[in-house]
Each structure stands twice: as structure tokens, then as C-alpha cells.
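# Report on the structure
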Amino acid sequence: MNWYGLRVHEVEEKARTNVKTGLTGQEANVRLKHFGANELQEGKRSSALVKFLAQFKDFMVLVLLGATVISALLGEMVDAVAIVAIVILNGILGFLQEHRAEKSMDALKELAAPQATVLRDNKWVKVASKQLVPGDIIKFTSGDRIGADVRIIEASSLYIEESALTGESVPVQKRIDAVNGVDVGIGDQTNMAFMGTMVTRGSGIGTVIGTGMNTAMGQIADMLQNAEENETPLQRRLEQMGKILIVVSLLLTALVVLIGVYQGHDVYHMFLAGVSLAVAAIPEGLPAIVTVALSLGVQRMIKKKSIVRKLPAVETLGCASVICSDKTGTMTQNKMMVTHLWSGGKTWHVTGQGYSPSGEFTEDERKINPSAVKSVQQLLMFGCLCNNANISKRKKEYVLDGDPTEGALVAAAMKAGLTREALAGQFQIIKEIPFDSTRKMMSVVIRDKQGKAFLVTKGAPDVLLGVSSSILWGEKQQSMTTLYQDEIQRAIHHLGSQALRTIAIAYKPLRNELINERDAETDLMFIGLQGMIDPPRPEVKQAVQECRDAGIRTVMITGDHKITAMAIAKQLTVLPEGGKVVEGTELAAMSVEELEDIVEDTYVFARVSPEHKLKIVKALQNKGHIVAMTGDGVNDAPAIKASDIGIAMGIAGTDVAKEASSLVLLDDNFATIKAAIKEGRNIYENIRKFIRYLLASNVGEILVMLFAMILALPLPLVPIQILWVNLVTDGLPAMALGLDKPEDDVMKRKPRSPKEGVFSRGLGWKVLSRGFLIGIVTLLAFIVAYNQNPNELKYAQTVAFATLVLSQLILVFDCRSERSIYHRNPFGNMYLVGAVFISLLLMLVVIYYPPLQPIFDTLPIKGRDWLLIGGLSSIPTFLLVGAVLTKKPKKQSKLKIVNQSKI
Ligand code: ATP
């Protein structure tokens, strides 16, 4: 059907809907069943069985299975069955890990899914876009991504960017009139909004006419399956490292086998030992454990109210050295209340609580009647007319629907008895020029009962000052002279220095209602100012301090006035003594190179337009910083994208900002960024922990075999024991390390360099030294036991097996700390305690449970030998700890912060 050719009232009928009340919830459900979810079909996913079988495609597993066949052919059935059992167990574990990672990634996608504002049962509600059905009435505004194909029925300065469909990046102005013609191209259907396109300005309402694959986007869905890069740099580095490790392990294993055969060992046993050793030594489980650690960390981050949209950001978070944060709503509560009015040189105070309409007006502490003072009356009335916010009473509480700045103006007007309903009876709003952060103002064209038209503008005072040619001074209109301008500047300064956010109101009579938007906001009469409080979020000050301790500088970027921004920045200790404050106009005049010269000392950027943010990101990055940048609007997207960690606001953020971001804050709170950085650092540290553990263990396993072969000793471990260690001792505790809590100094360290390699900060040394010692003590245990009773090789092998297992299970506690084992409470990670306990138990079962003894070639260990095993197993962990203990982390110099009492 050609929806664009219909008139608005015909759309309602054809779509079987009601534009006043929307669909009923019941009807929407029926249609959802009939039309299906509003989703583009993705490529098919492989089934669980296929994924399970894929676990056995691994090269090393195939080698193992080959070894099983050979064992079976040689009649060694016990070996064959045991190896198969271990291979299957390994497969199940791998499958579970992968499945879990995939599930949590799906949950993340779900959380980040776009939403739509839809009229259902006569109420505007937010639903996931995938629940939209044909006939739904939806509302959209600047920054929204359109959730379905829509015929527009209301439009206010509505511009939509349709490049995803048409390739044309200039936004198209949308109207509601029918478009004539057949086969009108998408770009010319000016009364339609299409799924996936973006509202760049204004707002509108429309009727959904197509969902899911029945949309213009659905028809080209295949082209849109753009896979997002979701592998982290560490994962990539590990992949490369894994290849090197495979070669090294294979070479060493071959060496063990060759020496063994040369020393006269049986070829079959050496072959089996070699295969087992290769399987054990190659950390094939590493990528899976890394993915699990990442996705578990990401889930913990959700609990702390941040959603990771791009996995690599988890790692980059730990490298962040500067956070550029918006002020309003992120550092402050965004709960505004007007406390001051200024007009014609006079100031009035307003009392009250939140958005409640009760409060008083005073002048010099004397109560006044606001309706009796013309300037106060006009200030409040115009503030309320040029406004889209609504305040309603729900369960004894006044709730705001709309922008908090505008809500504060509505509440102030209500305190003077000026409600929106009453004003709507006297004035008609004919047109709106919406607010945007670059113009920093908003206007409406109003007609009164006598048919006279006005333009009412509200916005940033310094901006309105520039477009006002006269001023209301007392009851009279005066020409704007420098004298009046100075008075206004003084008033702005006075209010701003009390951390108040200021909004100016101006107006002008119009001869012609059909004014040109571009020339409208000129030649205005300045009426006055409203100053509103926006208290800082209580937790932010501490978060800024913690970031500072972690070597991360906080920079405030705000559209607000310099004086207001400075006052809040000082309260939050963002602005240190001597720290610079730069304004948007100065910034605009600077090149990126010029900005680089001052960017290190600048802590506040005020009156900034979103476009300037990109310059700030570039200058900081050129100075070698890893930059986290917050944003919420359409124009913030380029800076969010260009930054190393783009952060979007979950509540106030537009779809555009969210899509550009790698992290979304569910509560829009600065403190959440700090929590995410801490978690990011922790996830990375945990990955380092189990790499350290796994590789040290593997080195130990290879070396004990190699040394034994060189010394012409019998095999200190039998193949099945090696496989067991690989599965149990290496598997469970390593996973538990991925769940470890952060060390208490994790936010006292400097940010990590993004170029840092896997083995940096002493990790390589720790792996080799501990691994070497594990190899040595296992061999020693074997030699001692073997010398005691050379006829019982099995007994000596069991002692070696127990020593290897125990030394790894002790080492795992050392791996929890970058400093040493003494810095951490061993019971701090109960998963690890549990994993170690299970591993110990399983070891004892293998040693003491008679039916398993022939399979694992073990004999029960005698009591006194446990002393030998325990003593030797402690050496790899405790021998080297003393040296590390003496190293203390360097203290960082603290910045001098302006004392709050001075402000
Ligand atoms: P931040 O960038 O920290 O979130 P902000 O909210 O102050 O700060 P903008 O939204 O760009 O940034 O607002 C800039 C200025 O525009 C404000 O200081 C205020 O004076 C003015 N302003 C804000 N909202 C409105 C509005 N709805 N109508 C008119 N003017 C507004």
C-alpha cells in the first residue's frame, strides 16, 4: 500500500487504529502474534549439538583420540577408555563455557536493545522496539532511532537522517501532508519515517505501518548484518601467543619423547606420555576462560549499572587516564528547582521542594505576591509557555515528565498560580523552534486571545543577551545599552557563583506568524533570569577522588555557564587550585595543536557545544591519553566514537549516542564510570592471574618430564595422571581465579599502558620461576620416593603426582596478588577455596579409592610421605615471596585541591 499517498485521517482508518488512544494492550498482543516480533532476521545460529561436536574438532583433541585408537589397538583398554572419558569431560566443560559466554552476550544485547515510546490504552509507555505492531502510535524526538516504518501524523521541525536507506546524509525535513504520485522513492516520501533512520531535530508522532522484515530496512536486511568487532586486544594477543606456545610445547614434548626413547624407554609409553604432555602443556582452554572471565565481569558491571556494548572496552577501561564528563545529570542530580528570579536589577527568592507547586516569593525577605509584579509575572509565564515539560501528581508526589530545566520553570510558575492548563486557555502555541545544545535556546510562536502573535525565547543568558535589542526594566521597555548589559552580566555572575544554573527569558511581538526560523530569534526584549539549583550527586566527590588516586584525571565538559560550572567543579574537587577553565568560544578559535598546549592543565570546559568535544578528545589523545568521554545527544556521537571509551547515558541518552558508545551508564551517574573502570581493571587483572597460574603449571609439567628424561629416570608421571592434572587442577581453580575480587590497591595504581604485553610487569618471570620450581620439587619428590623403594615405581609416581597437584593448588593463592600471597586473605575468594577443595578431594579419591587405582596407576600414599609432599609443594610459592615482599608500590603525588570551605 502507498501509505505516503494517504491523508492523515485515512491512515487511521487503514491502519485500524485510534490516534487519540492508541491500540489496546490486548489488540497489540493479538497483532504481535499475527505479525511476529518487530525484528530483522539474523543469520541462523548453530544448534547446541553442533556446538558440542565442534569441541572435538580441536587439533589436540583429535591427537588424543588418535592416541586412544592406538592404545585400543595395542589392547590397552583401560588407557583407551580413560582417555576417551577425559576427552568427553573436556568437551562438556568447553561447551558449557562457550554456552555460558554466548548466553550472557545475548542477555547484554537484550539490555542494550532500543526502545520506543508508544501510545497504548491511552497512555504513553516505553516498550522494547521489537514489540511494536502495525497500528501502534509512536512518538519520537531528536536523537531517537525510528523503531519501525511509520506514517507521520504530527511533526514539529522534524528532520530525519535516512542515510542508512538512501545514502543521503543530509537530514530530510518531514511533514504530514500526503505525497502524490506512484512509486515515489524513499528519499521523497516526506511523510514517512523508516525503521533504522535517525531523528536529528524536532519531534513527531506517527502510525506504525510496517514492522520486522516488512519494512524498507527488512528488504535490505542482509546488507546490514554488519558484525561488530568484539574481540578484545588481549584476546587477539593471546591468540598470537597461543600459536607460539603450541610450537614451543610441541618442540619440548618431542624433546622429552626423543630423549626418553634414547634412554631406552618403551616407545608406546613414550608416545602416550608425549601426547598427554602436549595436551596438558598447550593452554587450549585459555581463550575460553578469557571469554568467560570477560563475560562474567561484564555481568558484574551490569549489577553496578553499566552495560558494555563493545567487549574491547572492558580492557580499555583499565587504561583510561582522563574522564571527560558532562556536568548536568552525570555529576549533578538533574533535579532542578528555581530559587532566584532576576529582572530589572531586582532579585527575588523562591522557596519550595522539588517539583511541588507550593512555595513562596520573597524580596529582601519580605513575602510578595508574584502576580502583582509585572516582570516577575512575565518571567514566570513566558518560562512556562516556552516549555514542553509537564508536572503531575502521582500518589501524593509531584512527578516530572520532560526536561528537568523546563520542569523547574513550570514548577516556579505553578507557585504563582500559573498552570499550563490555565495558560493554554489564554494562549495558543502555533510553532516551536526546538532547543538544541548548539544554539542553546528554544522559542515558541504564541497567539493570544486577541489574535496578537509573539515570539517567546528562553535559553542561555549570554546567548539571549546577544540577540536582545531591548530590555524590560521595571515596567518599561528600554533600549539595550552597555550599562544594561553589564547589569545582566553581573546578575549572571552573581547567580552562577552560587552554583545556580541560569535561564534567560526574552520575547518580541510579531507582525507575521509565519516567520523564518533562521531569522526569528533576533531583536528580542530581555525580560530577566531564573536561577535554579541542581545539587551535585553526593557520591561524585568521592568518585573523583578515587579516580585521582588511580591516576585518572576528571575533566568537566558542560554547556552551562563558566561561573556555574566552576562553582560545581570546585565543590566536587574536579578543579584544583591553578587549574584552567576554558570556554566554548575560546575553544572554537583554537586549533587542536593550540589546545594541546593547555589541555593538560584544563579541568573545566564551559559553554561548550557538543561539536567542540571532538577537539578535546583529539588534543588529549595527541598528548598520549586514553580518553573516556560521556555524552547523550546526537551531536555528541562523533566525540563518543572518537574517544577510547565512549560512554552514553542510559536514561537521558539518545539512541544515536548509545549506538556510538562502548559503555552505557544505566543511571547516568559519574560514580558508575569509576565503578566500571575498577571492574575493567579487575577483569584484566583476573585474566593475568589465571594466565600466570595456567602457564606456570604447564611449565612445571613439561619440566618435570624433561628433567627426568635427561637424568635417565623412569617416567615420573603416567599419561593419564598428566591428563587428570590438566583437566582438574588446571581447570577449576583457573576458572575461580576469573571470579576473584579486586585487590585493595587496584584503584591506587596508575592506568595500565594499552601497549602492555601479556607478560609485562614481571608476569613472564613469575611464570618461568614458579614453573621451574614446580618441575624441580615434583622431580625431587619422585626421586626421594623412588630411592626409598625402587621396586615400587607406581608409588613414586603417585608421590610425584600428589606433589605436582599440591604445589599448583598452593601456587594458585599466590596468583591472586600482583604483590604476594601475604597481601590477600586466602578465604577472600570462596569459589577458589571451593575449587581447590574439590581438586584436593578428587586427588585423594584417585589415590585412595581402590577401583580407580588401576586406572590412574596409583598406590595409597603413606602418612609420613605427606610431610615430604607438603614441604616440597610449598617451596615454589613461598621461596620467592620474600624477594617480592620488599617491593612496595610507589605512592602517587596527590594534587592540591581547593578546599571546599573556600568556595
Ligand atoms: P551538560 O553539557 O553538562 O549536560 P547542560 O545541560 O548545561 O550541560 P546544554 O543542555 O547544552 O548543556 O545546555 C546549555 C545551556 O542551554 C544551559 O546552560 C541553559 O542555559 C540552556 N538550556 C538548557 N536547557 C534548555 C531548554 N530546554 N530550553 C532553553 N534553554 C536551555
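Residues numbered from 1 in each chain as written. Predicted model: local features only at pLDDT ≥ 70, side-chain atom pairs only at ≥ 80, totals over all residues. Heavy atoms only, no water.

So, about the packing of aromatic side chains. Summed over all chains, the structure comprises seven aromatic pairs. Among the aromatic residues, those joined into a ring-pair cluster are Trp342, Trp473 and Tyr484. Above the face of the Tyr603 ring, Arg553 is positioned so that its terminal group lies 4.8 Å from the ring centre. Lying across the ring of Tyr684, Arg752 places its NZ or CZ 3.4 Å from the centre. (Phe/Tyr/Trp six-rings, centres within 6.5 Å; stacked < 30°, edge-to-face > 60°. Lys NZ or Arg CZ within 6 Å of the ring centre and 35° of its normal.)

Here the focus is the packing of helix α25 (residues 670-710) against helix α29 (residues 793-814). Geometrically, a packed helix pair is captured by the angle between its two axes and the distance between the axes. Where α25 meets α29, the closest approach of the two axes is 10 Å, and the angle between their N-to-C directions is 155°. Taken together, the axes of α25 and α29 are roughly antiparallel relative to one another. As α25 runs across α29, the sense of the crossing is right-handed. For the pair formed by α25 and α29, the contact residues are Arg692, Tyr693, Ala696, Ser697 and Glu701 on the first element and Leu804, Gln808, Leu809, Leu811, Val812 and Asp814 on the second. Partitioning the contact of α25 with α29 into residue classes produces six nonpolar, two polar and three charged. (Axes fitted to C-alpha atoms, helices over the stretch in contact; angles between N-to-C directions. Helix = DSSP H or I, 4+ residues; strand = E, 2+ residues; numbered from the N terminus. Parallel < 35°, antiparallel > 145°, perpendicular 65-115°, else oblique. Left-handed = near helix turned anticlockwise from the far one by under 90°. Contact = heavy atoms within 4.5 Å. Nonpolar A, V, L, I, M, F, W, Y, C, P; charged D, E, K, R; others polar.)

Another point: the pairing of strand β4 (residues 149-161). Where β4 and strand β7 (residues 198-210) come together, ten bridges link them in antiparallel fashion. Among the inter-strand pairings, Glu161 is bridged to a residue of β7, identified as Met198. Here two bridges tie β4 to strand β6 (residues 192-193), and the two strands are oriented antiparallel to one another. Residue pairing across strands places Arg151 opposite Met192, the latter belonging to β6. In this sheet, strand β5 (residues 172-173) lies alongside β4 in antiparallel orientation, the contact comprising two bridges. (Pairing = 2+ DSSP bridges.)

Another aspect to go through is the confidence of the model for the chain. The pLDDT averaged across the chain works out to 85; a share of 91% of its residues lies at or above 70. Within the chain, the lowest mean pLDDT, 50, falls on helix α33 (residues 881-885), and the highest, 96, falls on strand β22 (residues 524-533). Low pLDDT (under 50) marks residues 224-229, which in the prediction has eight contacts with non-local residues, meaning those over four places away or in another chain. Under a pLDDT of 50 for its full length, residues 883-903 has, in the predicted model, 29 contacts with residues more than four places off or in other chains. (pLDDT = per-residue confidence, 0-100.)

With that settled, the discussion passes to the site of the ligand. The ligand sits among 19 residues. The nearest are Lys327, Thr328, Glu406, Lys458 and Arg501. Within the backbone of Lys327, one N or O atom sits 2.8 Å away from an oxygen atom of the ligand. Between the ligand and the protein, one listed contact pairs an oxygen atom with a backbone N or O atom of Thr502 at 3.1 Å. If the ligand stood free it would expose 610 Å²; the protein chains cover 90% of that surface. Of all elements in the fold, only β18 (453-459) and β21 (501-510) reach the threshold of two or more residues within the shell around the ligand. (Near = heavy atom within 4 Å. Polar contact = N/O pair within 3.5 Å; in protein donor to acceptor, adjacent residues only side chain to side chain. Areas by Shrake-Rupley, 256 points an atom, 1.4 Å probe, with all protein chains shown as cover.)

For the rest of this paragraph, the subject is the pattern of salt bridges. Here the structure, examined in full by the defined rule, presents 30 salt bridges. Taking the shortest distance from any N to any O, the salt bridge between Lys674 and Glu546 comes out at 3.2 Å. Residue Lys674 is located in helix α25, and its partner Glu546 is located in helix α18 (residues 540-549); the two are separated by 128 residues in the primary sequence. An identical accessibility class is assigned to Lys674 and Glu546; each is buried. (Salt bridge = Lys/Arg side-chain N within 4 Å of Asp/Glu carboxyl O. Buried < 20%, exposed > 50% of the residue type's maximum accessible area, 1.4 Å probe, protein only.)

Taken in spatial order, the eight strands of this open sheet run β8-β28-β27-β26-β9-β23-β25-β24, and their pairing is mixed. Here the strands that pair on one side only, and so sit at the sheet edges, are β8 (306-308) and β24 (580-583). Here the strands of the sheet are splayed against their neighbours by 20° on average, with no regard to which way each runs. Pairing analysis gives three bridges linking strand β9 (residues 322-326) to strand β26 (residues 627-631), with the strands arranged parallel. In the strand pairing of β26, Val322 is matched with Val627.

On to the environment of Pro826. Along the chain, Pro826 falls in the loop between α29 and α30 (830-848). Since its relative accessible area comes to 41%, Pro826 is described here as partly exposed. Expressed as a C-alpha distance, the spacing of Pro826 and Lys748, which sit 78 residues apart in the sequence, is 22 Å. Those residues within four positions of Pro826 in sequence are excluded, and the remaining contacts are Phe813, Arg816 and Val833.

Next up on the list: the nonpolar core. Core analysis: the largest hydrophobic core is formed by 119 residues, its most contacted members being Ile687, Phe690, Ile691, Met705, Trp724 and Phe801. Broken down by element, the residue count for this core peaks at 21 residues, all from α25. When residues of this core are assigned to domains, at least three map to each of domain 3 (307-332 + 538-668) and domain 5 (684-886). Here Met705 is in contact with Val256, Ala273, Leu277, Leu715, Pro716, Leu717 and Ile722, once residues within four sequence places are set aside. In terms of nonpolar packing, the next biggest core, distinct from the first, is built from 41 residues, Phe361, Leu385, Leu409 and Val456 among them. (Core = buried A, V, L, I, M, F, W, Y, C linked by side-chain atoms within 4.5 Å. Domains from an automatic or database assignment.)

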